Amino acid sequence: MDGCFYKRPLESFVLSRAVNTCPVLFCSLFFSIKGSLIFPTSTITARDIRSGRGTIRSPSINMRQGLRHLLPRLDNVRSVWLQQNSGAVFAGQSALGNSGRRGFADDANLKKTPLHEFHVENGGKMVPFAGWSMPIQYKESIMDSSIHCRKAAALFDVAHMCGASFRGKDAIPFLETLIVGDIASLEDRTGTLSVFTNEKGGIIDDSVITKVTDEDAYVVLNAGCRDKDIEHIRGQLKKFQDSGKKADFIVHDDRSLLALQGPAAHGVLQPLLKDLDLDSFYFSNFAILDIAGIPCWLTRTGYTGEDGFEISVPDSHALELAQKLLESDKVKLTGLGSRDALRLEAGLCLYGNDLTEEITPIEAGLKWTIGQRRREACDFLGGEVIKKQMAEGVSKRRVGFISKGAPARQHSEIQTPEGETVGEITSGAFSPSLKKNIAMGYVDKKYGKKDTQLKVVVRGRANDATVTKMPFAPTTYFKPAQKG
């Protein structure tokens, strides 16, 4: 803790750990040191700390001895507190990924979405993320907000993400030089998840890509990848155009993006539509239409595992549309912390954690994103590497885990029961829906079979972990009924 008011090394260390654990615990320690000593009993829980129970006064105990006595318990209290508070710190840090930091957003240089003041007015806790000031949660806990999304509907502001279009006579062929998907074979106004690759087959970014027409494709790029993606795409586009082909790349900086997610989303949105029956509008479908009289681009998709919609709306109408959707008592504003917990429960990757430029789609378990038509030629960047991996296999794979102890975090080592390191966690949190620790990570291939017993090292402790199939929670995407 910078500027700690206690100068003795041991006291400063314990107080710093307390601050990182939870403010309530910090206050408890502060008043213990300033007055007569108060130490947690061996059965203390986070609830005890909040209520003031479970403490004993020991004024005769030397302070330094008392702190040494308390220190080993601090990690246990931290684990309990995190679990009782939805794994907010873990989900929040994962949501921030490598491009954000914990704490309130106070940097005047951060970009703000059109709903920024609306978030603040509604109790949003703003944090820096990919150069933006974004709400990580509101007044409710991340756990409560996540469960509400699973039971009703959540509204997320995801305007930090970058909507863009590839347009022109040769736009689809150009796009297919950059990604692994078969966009040309899609029906108009349908989409699919795909990945942009580099020359080594590594993943530059992942994106839902919609074929609007034969000469128009719409993509949404991750906020943390925006600058490098745009530079990469424009560099490749120049070469393509120099060969005489016709294609353009347009970034939609004048549009916002809202995500309405959850089982109630369908019923909330339908009354606001005049020209579309959502009963025949399926997962990955796209439409250009008015919502409550506001011109929008609507995609049935999302990042929670629930049925839902992403709505691209002009910046000038973003607040109006958000307020209209929130008129339903089934919809609550929800932050990035819950979005991260929900996507992890759904087994969905977070770029920068679970996907990087050093990981190929085959290693990531995303072979299914490579269109069947494209698997022979692999005529995209890094295609030769990926084709070889499809033929010969890979040495590591992405898997899910259920673990005990404290929730695993990014970079936690994965070990065999004998202590051999065989992989690393890329995302982890306490699951609001399952009330268990869940995680995903990469392991040596031979340890990736379901039910394999391994260990995950968290703060020096090797906790039991079981390889588990993903998604952890069932997904509820709205798809046509299967025939037969």
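Residues numbered from 1 in each chain as written. Predicted model: local features only at pLDDT ≥ 70, side-chain atom pairs only at ≥ 80, totals over all residues. Heavy atoms only, no water.

1. Observations concerning the environment of Val208
At step 1: With respect to the helices and strands, the residue Val208 is situated in strand S9 (residues 203–213).
At step 2: Residue contacts for Val208: discarding those within four places in its chain leaves Thr192, Leu193, Tyr218, Val219, Val220 and Thr301. (Helix = DSSP H or I, 4+ residues; strand = E, 2+ residues; numbered from the N terminus. Contact = heavy atoms within 4.5 Å.)

2. Section: the packing of helix H7 (residues 142–151) against helix H12 (residues 336–345)
At step 1: Here H7 crosses H12 at 55°, and the two axes come no closer than 9 Å. Accordingly, the angle class assigned to the pair H7 and H12 is oblique. Our pair here, H7 against H12, has a crossing hand that is right-handed. When H7 is examined against H12, the residues Ile142, Ser145, Ser146, Cys149 and Arg150 are found in contact with a partner set consisting of Gly337, Ser338, Ala341, Leu342 and Glu345.
At step 2: Looking at the contact of H7 with H12, its residues break down into four nonpolar, four polar and two charged. (Axes fitted to C-alpha atoms, helices over the stretch in contact; angles between N-to-C directions. Parallel < 35°, antiparallel > 145°, perpendicular 65-115°, else oblique. Left-handed = near helix turned anticlockwise from the far one by under 90°. Nonpolar A, V, L, I, M, F, W, Y, C, P; charged D, E, K, R; others polar.)

3. Some thoughts on helix H9 (residues 226–242)
Owing to its 3.6 residues per turn, the α-helix brings residues three or four apart onto one side.
At step 1: Look at H9: 24 Å from first C-alpha to last across 17 residues, which is about the 24 Å you get at 1.5 Å a residue.
At step 2: Looking at H9, one finds that the buried residues are Arg226, Asp229, Ile230, His232, Ile233, Gln236, Leu237 and Phe240. Projected down its long axis, H9 shows its buried positions confined to an angular sector of 165°, all on one face. For H9, the exposed residues lying more than 90 degrees away from the buried face are Asp227, Glu231, Lys238, Lys239 and Asp242.
At step 3: On the buried face of H9, the contacting elements are strand S7 (162–167), helix H8 (171–178), strand S8 (190–197), S9, strand S10 (216–221) and strand S11 (248–251).
At step 4: Where H9 terminates, the next one or two residues include Gly244, which has phi positive at roughly 95°. (Expected span 1.5 Å × (residues − 1). Buried < 20%, exposed > 50% of the residue type's maximum accessible area, 1.4 Å probe, protein only. Arc of directions from axis to C-beta.)

4. Let's talk about the sheet that holds S8
At step 1: With antiparallel pairing, five strands are arranged side by side in an open sheet as S8-S9-S10-S7-S11. Bordering the open sheet on either side are S8 and S11, each of which pairs with just one other strand. The average angle at which neighbouring strand axes cross in this sheet is 25°, direction not considered.
At step 2: In this structure, S7 lies alongside S11, joined through four bridges in antiparallel fashion. Counted as the bridge partner of Ser165 is Ile250 from S11.
At step 3: Sheet strands in contact with H8 are S7, S8, S9 and S10, and its direction is about 125° off that of S7. (Pairing = 2+ DSSP bridges.)

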